[in-house]
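So the chains spell out like this:
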Amino acid sequence: MIRQKYPLTWNKEDFSIKIFCSIPNIATGILIRAGKSLFVVDPGDGILRDLNHEIGTKEILNISDIFVTHGHHDHVGGVWSLLTYMRVMNKKTDLKLFYPKGCIEIESIYNAFKKVYSKSIPYRINLIEIDKPKSLKTKNTTVRPFPVIHKEYLHNGVTTRRVPSLGYKFSYNGLKICYGGDTAYCDELAVQAKGSDLAIIEAGHEDETPDEMHMTVGEAKSIGESAKEFFLVHVPEH
Ligand SMILES: [Zn+2]
Ligand SMILES: [Zn+2]
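Residues numbered from 1 in each chain as written. Chains lettered and ligands numbered in written order. Predicted model: local features only at pLDDT ≥ 70, side-chain atom pairs only at ≥ 80, totals over all residues. Heavy atoms only, no water.

J.: What should I look at first to understand the pairing of strand S15 (residues 230-233) in this one?
T.: It is a general feature of regular strands that their side chains alternate between the two faces of the sheet. Inspection of the sheet shows strand S14 (residues 198-202) paired to S15 by 4 bridges, in the parallel sense. Residue pairing across strands places Ile200 opposite Phe231, the latter belonging to S15. Viewed along the sheet, the connection from S14 through helix H7 (residues 217-224) into S15 turns out right-handed. (Pairing = 2+ DSSP bridges. Helix = DSSP H or I, 4+ residues; strand = E, 2+ residues; numbered from the N terminus. Right-handed = clockwise from strand over helix to strand, strands pointing away.)

Listed below in structure tokens is the structure:
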């Protein structure tokens, strides 16, 4: 099994990505810089600590966009602390929060945040639900959300249900970073990753028998190798 040593960093000209962490059931946390723009992807537990260490308060307040792939706790666990920190530190600029339609976790966190701090949020949060994935432009970057296939177990531990899940492809200055989020093997991810300058592909499945939740290392590599460079992430650590 591949064991990644975090953080993982990739940098081309003034386009970079830093993956602080990506461990299934524990936490994810990703920072993208495109010129002066700062985006956060999948703010799991620990994101505030990692951002504080990496860019400090002033730059945290300059983060303009958060992209959430799906609502599992290892991808959204840090949203509350990030929103609250921005409030406490008096962020003035707007924040966009992108998430897949049906992701009740993000809507619940947002609604609770608005309820608790209704009269004292100094910045505007623009909640953007993505229904039909199509390219969007934010700041200097084009972002292409795309559907992926991810599931979760119900309480009985046997039955599964589909989770609203997206991957995102970020294009800046002719360079492309494709992040698949959590997904089983899917053609859409294969299409988006192909030819990207960097593909970040999860390999969260424990053995080599495919399931419909995560990818095996073999599946993940087969997609990753179609990009110019790739990282395998979300490999179980236990
Ligand atoms: Zn996950
Ligand atoms: Zn997940």
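J.: Looking at this structure, how should I read the coordination of the zinc ion (ligand 2)?
T.: Geometrically, a metal with four donors at the corners of a regular tetrahedron has ideal angles of 109.5 degrees, and one with six donors at the corners of a regular octahedron has ideal angles of 90 or 180 degrees. Around the zinc ion (ligand 2), the protein contributes the donor atoms His70 (NE2), His72 (ND1), His150 (NE2) and Asp182 (OD), at 2.2 to 2.4 Å from the metal centre. Geometry at the zinc ion (ligand 2) is irregular, judged from the 4 donor atoms that bind it and their angles of 90 to 169 degrees at the metal. We note that the donor set of the zinc ion (ligand 2) lies within a single chain, spaced as H-x1-H-x77-H-x31-D. The distance between the zinc ion (ligand 2) and the zinc ion (ligand 1) comes to 3.4 Å, with Asp182 serving as a donor to both metals. Taken together, the residues span a long stretch of sequence, with His70 in the loop between strand S5 (65-67) and helix H3 (73-76) and His150 in the loop between strand S9 (141-147) and strand S10 (151-153) at a distance of 80 residues. (Donors = N, O, S within 2.8 Å, 3.2 Å for Na, K, Ca; no water. Tetrahedral: all angles 85-135°; square planar, octahedral: opposite > 155°, others 65-115°.)

J.: Any chance you could explain the coordination of the zinc ion (ligand 1) here in plain terms?
T.: For the zinc ion (ligand 1), the full set of protein donor atoms is Asp74 (OD), His75 (NE2), Asp182 (OD) and His234 (NE2), at a range of 2.1 to 2.2 Å. The coordination sphere of the zinc ion (ligand 1) comprises 4 donor atoms, whose angles at the metal cover 90 to 162 degrees; the geometry is irregular. As a motif over one chain, the donors of the zinc ion (ligand 1) read D-H-x106-D-x51-H.

J.: How do you make sense of the sheet that holds strand S1 (residues 8-12) when you look at a structure like this?
T.: Sheet strands pair via backbone hydrogen bonds, and the direction of the pair is either parallel or antiparallel. Across the sheet, which stays open at both edges, the 7 strands sit in the order S1-S2-S3-S4-S5-S6-S7 with mixed pairing between neighbours. Edge positions in the sheet fall to S1 and strand S7 (125-130), since each has one partner strand and no second. On average, each strand axis in the sheet is inclined to that of its neighbour by 15 degrees, with strand direction left out of account. Direction of pairing for strand S2 (residues 15-23) relative to strand S3 (residues 27-34): antiparallel, over a ladder of 8 bridges. Among the inter-strand pairings, Ile23 is bridged to a residue of S3, identified as Ala27. (Axes fitted to C-alpha atoms, helices over the stretch in contact; angles between N-to-C directions.)

J.: So what exactly am I meant to see when it comes to the pattern of salt bridges here?
T.: Opposite charge on two side chains permits them to pair, given that their charged atoms come into close proximity. Per the counting criterion, the structure on display carries 8 salt bridges. A salt bridge links Glu229 to Lys12; the nearest nitrogen and oxygen atoms lie 3.0 Å apart. Residue Glu229 is located in the loop between H7 and S15, and its partner Lys12 is located in strand S1; the two are separated by 217 residues in the primary sequence. For Glu229, a relative accessible area of 34% puts it in the partly exposed group. Arg124 is the salt-bridge partner of Asp94, the closest N and O atoms lying 2.9 Å from each other. Taken together, the residues Asp94 in the loop between helix H4 (79-88) and strand S6 (95-100) and Arg124 in the loop between helix H5 (104-116) and S7 connect sequence positions 30 residues apart. Each of Lys18, Arg33 and Glu54 takes part in one network of salt bridges that share partners. (Salt bridge = Lys/Arg side-chain N within 4 Å of Asp/Glu carboxyl O. Buried < 20%, exposed > 50% of the residue type's maximum accessible area, 1.4 Å probe, protein only.)

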